[in-house]
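What follows is the residue order along each chain.
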Amino acid sequence: QVQLVESGGGLVQAGGSLRLSCAASGRTVSRYNMGWFRQGPGKEREFVAAIRWFGGGTYYADSVKGRFTISRGNAENTVFLQLNSLEAEDTAVYYCAASSDAGYPRAKSQYDYWGQGTQVTVSS
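The sections below set out a description of the structure shown in this document. (Residues numbered from 1 in each chain as written. Predicted model: local features only at pLDDT ≥ 70, side-chain atom pairs only at ≥ 80, totals over all residues. Heavy atoms only, no water.)

**Brief notes about the overall build of the protein chain**
Along its length, the protein chain carries zero helices and eleven strands. Reading the helices (α) and strands (β) of the protein chain from amino to carboxyl end gives β-β-β-β-β-β-β-β-β-β-β. The C-alpha atoms of the protein chain give a radius of gyration of 13 Å, which matches the 14 Å a tight globule of 124 residues would have. Projecting the C-alpha coordinates of the protein chain onto the three principal axes gives extents of approximately 40 × 25 × 25 Å. Residue burial in the protein chain is summarised as follows: out of 124 residues, 44% are buried. In the protein chain, 58% of the contacts between residues at least 6 apart in sequence involve partners at least 24 apart. (Helix = DSSP H or I, 4+ residues; strand = E, 2+ residues; numbered from the N terminus. Rg over C-alpha atoms; globule rule 2.2 N^0.38 Å. Buried < 20%, exposed > 50% of the residue type's maximum accessible area, 1.4 Å probe, protein only. Contact = heavy atoms within 4.5 Å.)

Written out as structure tokens, the structure is:
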């Protein structure tokens, strides 16, 4: 089983930055594709970014492309999401997730494990 715990959320001014961390545990966690989702108030949970376990290739939602960066730690047990140039629309609970599917899974149903989420609030 894979366990995921997010951290690093908080309150930030528009234009500021945050770095979210996802601590993963499990003997085969490095073989999972990892993703970040977010759910804003009154909105559905949406795909943000994904990273392959093989090669480390990344994929981003158009809404965050060029502003957010997903990466894996050297030990392959930590996933990061660097949030730059934050906007009020980025306010949401951010979730880390792990998927055994190939490629860059975008649908919630393609992910096997989820963290508890961390709140990001951007003030305008």
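Structure shown, so let's carry the discussion forward.
**Overview of the nonpolar core**
If you look at the biggest cluster of nonpolar residues, it comprises 33 residues, and the most contacted ones within it are W36, L81 and Y94. Apart from the residues within four sequence positions on either side, L81 is in contact with L18, R19, L20, W36, V48, A49, F68, T69, I70 and Y94. (Core = buried A, V, L, I, M, F, W, Y, C linked by side-chain atoms within 4.5 Å.)

**Remarks on empty space enclosed by the protein**
In this approach the atoms are scanned with a rolling probe the size of a water molecule, which exposes any empty space left behind. Under the defined criterion, the tally for this structure stands at one cavity of 30 Å³ or more. In this structure, the largest cavity spans a volume of roughly 40 Å³. If you go around the largest cavity, the residues you meet are R38, Q39, G40, K43, E44, E46, E89, T91 and A92. (1 Å grid on protein atoms, 1.4 Å probe; cavity = no way out; pocket = protein on both sides within 12 Å on 5 of 7 lines; lining within 4 Å. Points joined across faces, edges and corners; volume = space filled by probe spheres on them.)

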